[in-house]
Amino acid sequence: MSLAVTEHVAKSARHTSFYLACGPEDGPLVIFVHGWPELSISWRHQLPVFGGMGFRAVAPDMRGYGRSGVYDRHEAYALSESTADMIELLDSLGRETAVFVGHDWGSPVVWSLASHHPERCHGVANLCVPYIPAGFAPRNIIPLVDRRVYPEAEFPAGQWDYQLFYEEDFATARAGFEGNIPGTVKALFRAGSAAGEGKPAVTSMVRKNRGWFGGLAAAPDLPRDERVLTEQDFHAYASALQRNGFFGPDSWYMNGERNIAFAAQSKNGGRIDLPVLFLHAAYDFVCETRRSRLAEPMRAACTRLTEATTDTGHWMAQENPAFVNAAVARWLATELPDVWPA
């Protein structure tokens, strides 16, 4: 029988975090941190599994999403703010330390916890987005683009072109997602395929197309990809994004220089000596880490790094939850045996 996943709210003077939880309240704490444009339910395949192992598995809605605090200023979505949210959540749970697991924009949050607050982390695991010690921002990741796929004359920003579109025309970028939010959800949450290997990702042409959807003003109506989303999941994402809009989610991309300045405040010169797990998605051709140089800074900065790869696209925790769950559990058992539930 699957353990119940329960709903909770943690409030401080500066922020409110809605979160899901599963497992014994006194179990070793694992906090799962979602990315763009997701929700705590993105970890629906992980929470009952790790709760069933005896961990206290927790997943918050990040700021700007779901039932957590939503703000109307771009700077409210800087990594310094979301990192502070996670420290406050940890405090509200009465814990000194946790294992943190991140995906997409949740990964830079988790990397920031490890680099700025290592004393609050047993270890960290991240999916798809590797550690960039100088700060996850366009001017630090564009130099790592694979120019065999993205010749500089044609694709100066490579697959990161979409991040510059937010900076140059935020209103149009936001409107493209909000024009048909159910369609946006179905268009974004799709399984990966080997067919994209060696080809420019759609994100490399966003400025040219004035949006993500090939020149269309809003997302087309595609069939829901059952490999990633059930009908219930689809409605949960769509209703939350319709309620809050895309200002908050998209504003995470508007803080490149602030995030670089925050990275400069890390401890140990950005080196991470904690146990670290990184999971590569073979068919994620935006966060392409196998053939490009994108993972090189992580390998140089993380002294206790474990890596594994799954044949999925970007949404690996939903496309192949058995792999993700097994990889994280194996890493916990081997690298953090003292954290394993008694």
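Residues numbered from 1 in each chain as written. Predicted model: local features only at pLDDT ≥ 70, side-chain atom pairs only at ≥ 80, totals over all residues. Heavy atoms only, no water.

1. Re empty space enclosed by the protein
Here is step 1 of the chain: Inspection of every chain in the model, using the stated rule, returns 4 cavities of 30 Å³ or more.
Here is step 2 of the chain: Of the voids in this model, the largest cavity is the one considered here, and its volume is about 140 Å³.
Here is step 3 of the chain: Those elements that place two or more of their residues in the lining of the largest cavity are α3 (106-116) and α11 (256-263).
Here is step 4 of the chain: Of the residues forming the lining of the largest cavity, the biggest block, 5 residues, is contributed by α3. (1 Å grid on protein atoms, 1.4 Å probe; cavity = no way out; pocket = protein on both sides within 12 Å on 5 of 7 lines; lining within 4 Å. Points joined across faces, edges and corners; volume = space filled by probe spheres on them. Helix = DSSP H or I, 4+ residues; strand = E, 2+ residues; numbered from the N terminus.)

2. Quick word on unusual backbone geometry
Here is step 1 of the chain: For the peptide bond that leads from Trp36 to Pro37, omega is -15°, which places it in the cis range.
Here is step 2 of the chain: In the Ramachandran plot, Cys128 falls in the positive-phi region, its phi being about 80° despite a non-glycine side chain.
Here is step 3 of the chain: Inspection of the secondary structure puts Cys128 in the loop between β6 (121-127) and α4 (138-141).
Here is step 4 of the chain: Using a relative accessible area of 1% as the deciding quantity, one classes Cys128 as buried. (Buried < 20%, exposed > 50% of the residue type's maximum accessible area, 1.4 Å probe, protein only.)

3. Notes on the sheet that holds strand β2 (residues 16-22)
What holds strands together in a sheet is hydrogen bonding between their backbones, with the strands either parallel or antiparallel.
Here is step 1 of the chain: Judged by pairing direction, the sheet is mixed, and its 8 strands sit side by side in the order β1-β2-β4-β3-β5-β6-β7-β8 without closing on themselves. Where the open sheet ends on each side, the last strands, each with one partner, are β1 (6-11) and β8 (302-310). Ignoring strand direction, the axes of neighbouring strands in this sheet form an average angle of 25°.
Here is step 2 of the chain: In this sheet, strand β4 (residues 56-60) lies alongside strand β3 (residues 29-33) in parallel orientation, the contact comprising 3 bridges. Within β4, the position partnered with Val30 by the bridge is Ala57.
Here is step 3 of the chain: Where α3 meets the sheet, its contacts fall on β3, β5 (98-103), β6, β7 (272-281) and β8, and the angle it forms with β6 comes to roughly 155°. (Pairing = 2+ DSSP bridges. Axes fitted to C-alpha atoms, helices over the stretch in contact; angles between N-to-C directions. Contact = heavy atoms within 4.5 Å.)

4. Quick notes on the side chain of Ser17
Here is step 1 of the chain: If you trace the backbone, Ser17 turns up in strand β2.
Here is step 2 of the chain: In this structure Ser17 touches His8, Val9, Ala10 and Ser68, once residues within four positions along its chain are discounted.

5. A word on helix α2 (residues 79-92)
Here is step 1 of the chain: Over its 14 residues, α2 extends 20 Å from the first C-alpha to the last, a length consistent with the 20 Å expected when each residue adds 1.5 Å.
Here is step 2 of the chain: Downstream of α2 by a residue or two, Gly94 has a phi angle that is positive, lying close to 70°. (Expected span 1.5 Å × (residues − 1).)

6. Re the layout of surface pockets
Here is step 1 of the chain: Size it by volume and the largest pocket reaches roughly 830 Å³.
Here is step 2 of the chain: Together, 34 residues line the largest pocket, and Leu188, Val202, Thr203, Trp212 and Val286 are the ones closest to its centre.
Here is step 3 of the chain: Partitioned by chemical class, the residues of the lining of the largest pocket number 23 nonpolar, 7 polar and 4 charged.
Here is step 4 of the chain: When its volume is computed, the second largest pocket comes out at roughly 390 Å³.
Here is step 5 of the chain: Around the second largest pocket, the lining is made up of 20 residues, and of these Leu20, Ser40, Ile41, Arg67 and Ala236 lie nearest the centre.
Here is step 6 of the chain: Mapped onto the lining of the second largest pocket, the elements with two or more residues apiece are β2 and α9 (231-244).
Here is step 7 of the chain: Of the residues that constitute the lining of the second largest pocket, the class distribution is 8 nonpolar, 6 polar and 6 charged. (Nonpolar A, V, L, I, M, F, W, Y, C, P; charged D, E, K, R; others polar.)

7. Things to note about α9
Here is step 1 of the chain: Relative to the 20 Å expected for 14 residues at 1.5 Å per residue, α9 spans 20 Å between its end C-alpha atoms, a close match to the ideal helical length.
Here is step 2 of the chain: Taken together, the buried positions of α9 are occupied by Asp233, Phe234, Tyr237, Ala238, Ala240 and Leu241. Buried residues of α9, seen end-on, are gathered within an arc of 165° and therefore sit on one face of the element. The exposed set on the far side of α9, more than 90 degrees from its buried face, consists of Gln232 and Arg243.
Here is step 3 of the chain: Those residues of α9 that are buried are in contact with α7 (181-188), α10 (247-251) and α13 (316-319).
Here is step 4 of the chain: A positive backbone phi angle near 75° is found at Gly245, which sits one or two residues after α9. (Arc of directions from axis to C-beta.)

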